[in-house]
Amino acid sequence: MAGGDQRGRDLAEEAVWLARVLLQLMSDEAEVAGLLALMLHCEARRTARRGPKGQYVPLSEQDPKQWSLALIERRNGILADAAKHGRSGRFQLEAAIQSVHANELAGSD
């Protein structure tokens, strides 16, 4: 399938795993949590990001039913925990913005 690279999937899964390990080692760093939340947001939408021929599907055209609810719930929990640190950074803000956009789209059905 065009646009479907299995190596990319393996690399994304490895990156998420590494971010989880990093969060375990640096649990007091809110930006590490923000990075993991952002990565989980992307992973939650993986199946919806490509069409049947491998073409990119923008967020506004994705089917939210194809998203992983388990990863979305995990992302939301991580973002909530990061907010408790009282300091926001780039990754937290990006994850929160993407979360709002995704929630608006999912709520429009």
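Now for a quick tour of the structure.

### With respect to the environment of Arg49
Thought 1: Summarising the element assignment, Arg49 is placed in the loop between helix H2 (30-44) and helix H3 (69-83).
Thought 2: Separated by 14 residues in sequence, Arg49 and Asp63 place their C-alpha atoms 9.0 Å apart.
Thought 3: Contacts of Arg49, omitting those with residues within four sequence positions, involve Cys42, Glu43, Gln55, Tyr56, Val57 and Gln62.
Thought 4: At 2.4 Å, the side chain of Arg49 and the backbone oxygen of Cys42 are in polar contact.

### Notes on a nonpolar patch on the surface
Thought 1: The grouping of Leu22, Leu25 and Met26 at the surface amounts to a nonpolar patch, some 280 Å² of accessible area in total.
Thought 2: Checked against the element boundaries, Met26 lands in the loop between helix H1 (6-25) and H2.
Thought 3: Using a relative accessible area of 32% as the deciding quantity, one classes Met26 as partly exposed.

### Side note on the nonpolar core
Thought 1: Counting 15 residues, the largest nonpolar core has Leu36 and Ile78 as the members making the most contacts within it.
Thought 2: At the level of secondary structure, the elements contributing two or more residues to this core comprise H1, H2 and H3.
Thought 3: Looking at this core, the element that brings in the most residues is H2, giving eight residues.
Thought 4: What Leu36 contacts, discounting residues up to four positions off in sequence, is Val16, Ala19, Arg20, Leu23 and Ile78.
Thought 5: In terms of nonpolar packing, the next biggest core, distinct from the first, is built from six residues, Ala44, Ala48, Ala102 and Leu105 among them.

Parameters and conventions
Within any chain, residue numbers begin from 1 and follow the written order of that chain's sequence. It should be noted that, the model being predicted, local features are given only for residues of pLDDT at least 70 and side-chain atom pairs only at 80 or more, the latter also being counted only at that level, while totals for whole chains, interfaces and linings use all residues. Hydrogens and waters are ignored; side-chain quantities use all the structure's heavy atoms. Secondary structure elements follow DSSP: runs of H or I of four or more residues count as helices, runs of E of two or more count as strands, with numbering from the N terminus. We call two residues contacting when some pair of their heavy atoms lies within 4.5 Å. Under the rule applied, a polar contact is a pair of N or O atoms within 3.5 Å (in protein, one hydrogen donor and one hydrogen acceptor; residues adjacent in sequence only if both atoms are side-chain atoms). Think of a patch as exposed residues, more than 30% relative accessible area, with no salt bridge, where like charges cluster within 9 Å and nonpolar side chains (Val, Leu, Ile, Met, Phe, Trp, Tyr) cluster within 5 Å. Only the protein chains shown count as covering a residue, and every accessible area follows the Shrake-Rupley method with a 1.4 Å probe. A pair is scored as a salt bridge if a Lys or Arg side-chain nitrogen falls within 4 Å of a carboxyl oxygen belonging to Asp or Glu. Between buried and exposed lies partly exposed: a residue is buried under 20% and exposed over 50% of the maximum accessible area for its type, with that area taken using a 1.4 Å probe on protein chains only. Nine residue types can take part in a nonpolar core, namely buried Ala, Val, Leu, Ile, Met, Phe, Trp, Tyr and Cys, and a core is a set of them joined through side-chain atoms within 4.5 Å.

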